[in-house]
Amino acid sequence: MKLNLSFAKPQMPADGVAVVLCDDKLALGAIAGALDQTAGGLVARAAAAGNFKGKEGSSLDLVLPAGLALDRLLVAGIGKAEGRGESDWMKLGGTIMAKIGGLKATAVTVVLERPDGADIEGEEAAAFAAGMRLRAYDFDRYKTRKSDDEENGGDAVDVTIVVDKASKAKSAYKLLGGVCDGVIVARDLVNEPGNVLGPEEFADRAKKLEKLGVEVEVLGEKEMRKLKMDALLGVALGSARPPRLVVMRWNGAKGKDKPLVFVGKGVCFDSGGISLKPGAGMEDMKGDMGGAAAVTGLMHALAARKARVDVIGIIGLVENMPDGKAQRPGDIVTSMSGQTIEIINTDAEGRLVLCDALWYAQERFEPRLVVDLATLTGAIMIALGHHHAGLFANDDDLAGQLARAGEATGEAVWRMPLGKDYDKLIDSKFADMKNTGGRWAGSITAAQFLKRFVKDGTPWAHLDVAGTAMGSPKTEISQSWSSGFGVRLLDRFVADNYEK
Ligand code: BES
Ligand code: MN
Ligand code: ZN
């Protein structure tokens, strides 16, 4: 649904639909109370009749009697008025957006006031608005038959958020709205089908960040061959579509510190290659560029809110297909680092893309730290399901910062182990290492593989987002197959630890 958001100072909603908040004692704020009074104390009566207790997530939809200019009053329960964090406000925005969508209204006033009379901060109101924005997202680009409501103009809604600190809310939302845009960039990229979004098309989308002041470089096959990225190039051999490596730079601190580098796996479609995947569910592998999408969305977010930090995003874009020219099990490739890799399974391709992108990142930028994101293994979904991304790190401080950003944003991560015994599992008979480690601990051996391409002294973390970036569970703020996981997490990680 298309959502036009604005903020306004407290005022009585004149007509149309109004949304007000109510706590679990059925208390209403000042404006809500006044509205209720003009309606003759309807809220308490309806609450009693409808067994409404003001619980978080519940609501009361009241059609107002004739004679009142206001048509409809939606009373949204928020549970306890105290102790709400920003993420609670964000979720509430999402929940209320869903209810508004259900009403088919075209103009809505949301009266944002705490039933206990306490202030709502600008950041909280902005988080609320962001929740609405993220909930309203719908990937319907390829639906040619719109539903009846959409044909009747019900696909767009103007929402005015009425709040005491309206101008503070507005400026906070200017920043947070930029982060939401980044999330939506990532969601769109992941949702796009493979025929539309190959490596070149993805690179073109990344190029669009130039409008925001991001420098974008696109390396083609020739340049990558010159750099000796044969691990990445090997994956692309079976595809008719040439690979790309995209480097995005946001110089928000003008080179004061060494840059933070984020690296993303961008396998635009992963058929498995010669080690072909089974057919069932293969369509989901259009989302195997979720790591690269998150990095692109993050760069968008940082640039949109003009983050005071130097950040580089690097994404390796390929398509993994079976073909007469495709690489085969048993092949040995030499990575950019010089280390050789025996290909045991062509479906373990993400690590081959990342190892060259990681090496390139360190050689060229001497980063302060590197975080990579990848839909790397099915095994991480066996371990953690869809609710945590797997976190691997060679640095406890970095791991802690990421874990805290996860808690703050609700994009949760869970630390997994690394160690010598796991590392041994990828030793190869014929080369320096092999690209799979056997049946057990598949996510860890994948991480051990990446670790072999991290230089001593470089703080590094790897996020396995196979379970969180796509096939995402529906939440208050995400109803899409692709959640855009990683953008809010890393934006927060950067903001809380590396901006001045
Ligand atoms: N892209 C997949 C991992 C994946 C699976 C992501 C399901 C999202 C959902 C990755 O390239 C892959 O195929 N990994 C293999 C590794 C194995 C061959 C060692 C896997 O997890 O089975
Ligand atoms: Mn694969
Ligand atoms: Zn893959």
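Preceding this section is the structure that the text describes.
Scope of this entry: the structure provided in the associated data block.

What counts and what doesn't
Residues numbered from 1 in each chain as written. Chains lettered and ligands numbered in written order. Predicted model: local features only at pLDDT ≥ 70, side-chain atom pairs only at ≥ 80, totals over all residues. Heavy atoms only, no water. Helix = DSSP H or I, 4+ residues; strand = E, 2+ residues; numbered from the N terminus. Buried < 20%, exposed > 50% of the residue type's maximum accessible area, 1.4 Å probe, protein only. Lys, Arg positive; Asp, Glu negative; His and termini not counted. Salt bridge = Lys/Arg side-chain N within 4 Å of Asp/Glu carboxyl O. Polar contact = N/O pair within 3.5 Å; in protein donor to acceptor, adjacent residues only side chain to side chain. Contact = heavy atoms within 4.5 Å.

### Some details on the side chain of D23
As for its placement among the helices and strands, D23 is situated in the loop between β2 (16–22) and α1 (30–38). Comment: no salt bridge for buried D23; closest opposite-charge side chain is K25, at 4.5 Å. In terms of polar contacts, D23 uses its side chain to reach the backbone amide nitrogen of A27, at 2.9 Å. If sequence neighbours within four positions are ignored, D23 has contacts with K53, G54, I78, G79, A81 and P115.

### Quick look at the pattern of salt bridges
Tallying each qualifying case throughout the model produces 30 salt bridges. For D257, the salt bridge identified is with R368, shortest N-O distance 3.7 Å. In this pair, D257 is assigned in the loop between β8 (244–251) and β9 (260–270) and R368 in the loop between α11 (350–365) and β13 (369–374), connecting sequence segments 111 residues apart. A relative accessible area of 33% means that D257 is categorised as partly exposed. Salt bridges linked by common partners bring R141, D188, E192 and R205 together as one network.

### Details of unusual backbone geometry
Here the phi dihedral of K254 falls at roughly 55°; this positive angle occurs in a residue that is not glycine. As for its position among the elements, K254 is in the loop between β8 and β9. When its relative accessible area of 72% is taken as the criterion, K254 is described as exposed. Unusually for a residue other than glycine, E366 sits at a positive phi of about 40°. Its place among the elements puts E366 in the loop between α11 and β13.

Geometry only, nothing functional implied.
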